[in-house]
Amino acid sequence: IPIAEESGLIVPLGKFVLRKACLQIKQLMDLGVWPEDAKVAVNLSARQFSDPELVANLKETLEITGCPVSILELEITESTLMDNVEAAIMTMRQIKEMGITIAIDDFGTGYSSLSYLKRFPIDILKVDRSFVMDIPSDINDMAITAAVIAMAHKLNLRVVAEGIETQAQLDFLRSNRCEYGQGYLIARPMPAVDLEAYIKKPLKAGII
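Computed from a predicted structure; not experimentally measured.

A. Summary view of the overall build of the chain. In terms of regular secondary structure, the chain is built from 11 helices and six strands. With the C-alpha coordinates of the chain rotated into their principal frame, the extents come out at 45 × 40 × 35 Å. For the chain, with 208 residues in total, the buried portion stands at 43%. Sequence-distant contacts in the chain: of pairs separated by 6 or more residues, those separated by 24 or more amount to 66%. Total accessible area on the chain stands at roughly 11,200 Å², and carbon and sulfur atoms take up 55% of it.

B. Spatial organisation of the pattern of salt bridges. Overall, the coordinates contain nine salt bridges when judged by the stated rule. With a shortest N-O distance of 3.4 Å, Lys 200 and Glu 196 are connected by a salt bridge. Taking relative accessible area as the criterion, Lys 200 reaches 56% and is therefore assigned exposed. Classification of Glu 196 by relative accessible area gives partly exposed; the value is 27%. Three or more residues are tied together by salt bridges with common partners; here these are Lys 15, Arg 19 and Glu 60.

C. Spatial organisation of the layout of surface pockets. Here the largest pocket is characterised by a volume of approximately 1,800 Å³. If you trace the largest pocket, you find 47 residues lining it, with Lys 39, Val 40, Ala 41, Gln 182 and Leu 195 closest to the centre. Secondary-structure elements contributing two or more residues to the lining of the largest pocket are α2 (10–31), β1 (40–44), β2 (72–77), β4 (124–127), β5 (158–161), β6 (180–181) and α11 (192–199). Among the elements that line the lining of the largest pocket, the one with the most residues is α2, at seven residues. For the lining of the largest pocket, the residue count by class is 27 nonpolar, eight polar and 12 charged. Here the second largest pocket defines a volume of roughly 210 Å³. Lining the second largest pocket are Ile 1, Ile 10, Gly 14, Val 17, Val 42, Asn 43, Leu 44, Ser 45, Ala 46, Gln 48, Glu 75 and Thr 77. Contributing elements (two or more residues each) for the lining of the second largest pocket: α2, β1, α3 (46–49) and β2. The class makeup of the residues in the lining of the second largest pocket is six nonpolar, five polar and one charged.

D. Representation of the sheet that holds β4 in the model. Ordered by their spatial adjacency, six strands build an open sheet running β1-β2-β3-β4-β5-β6, and the pairing between neighbours is parallel. Looking at which strands have only one partner, the edges of the open sheet turn out to be β1 and β6. Pairing between β4 and β5: four bridges, direction parallel. Note on β5: the bridge partner recorded for Leu 125 is Val 159. The strands that helix α9 (residues 139–154) touches are β3 (101–107), β4 and β5; relative to β4, the one it contacts most, it runs at about 180 degrees.

Procedures and definitions
- Residues numbered from 1 in each chain as written.
- Predicted model: local features only at pLDDT ≥ 70, side-chain atom pairs only at ≥ 80, totals over all residues.
- Heavy atoms only, no water.
- Helix = DSSP H or I, 4+ residues; strand = E, 2+ residues; numbered from the N terminus.
- Buried < 20%, exposed > 50% of the residue type's maximum accessible area, 1.4 Å probe, protein only.
- Contact = heavy atoms within 4.5 Å.
- Areas by Shrake-Rupley, 256 points an atom, 1.4 Å probe, with all protein chains shown as cover.
- Salt bridge = Lys/Arg side-chain N within 4 Å of Asp/Glu carboxyl O.
- 1 Å grid on protein atoms, 1.4 Å probe; cavity = no way out; pocket = protein on both sides within 12 Å on 5 of 7 lines; lining within 4 Å.
- Points joined across faces, edges and corners; volume = space filled by probe spheres on them.
- Nonpolar A, V, L, I, M, F, W, Y, C, P; charged D, E, K, R; others polar.
- Pairing = 2+ DSSP bridges.
- Axes fitted to C-alpha atoms, helices over the stretch in contact; angles between N-to-C directions.

Quick look at the structure:
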């Protein structure tokens, strides 16, 4: 990935990944198995996010695949946003105007100022797994995670906790009203061919 970033290859790669994800979701929707109100979250690299053709590529992808705009969620790392805050805000506003959901990924690891956070037109904060993995043995991580969840809710943001691997972690997050979670306790990475069977089962993405 670092080599792809440096060479610029990450931009066409990212475009391919986005289009493939939207096509797969559209196929599941056509089969009638895609859960109501579910979203597909796609990571944007720093190079993609700064690409002047990003918004045009997003529009083209949604038009070609027929994937509803309301299904798509873009994840942008905190550190990416801090590279050029004013430019990032302008780009995010354009994405939001399209009706796409925006999540800040790996929150808590990028040293962002809270004064910027209130200006970002975002919908979701994703708590980095480094804070979740030592729950409940590390009281500091528990305090930080609880504080991030509470702060996000005050800002009318939803929260996704990353890296949930134990029932104790899940119980703690539920007690702090964290809406969503991801991690091996919920589901491991799987090929697209297994996804249809998985989503026919009761889903655990919503954890409260």
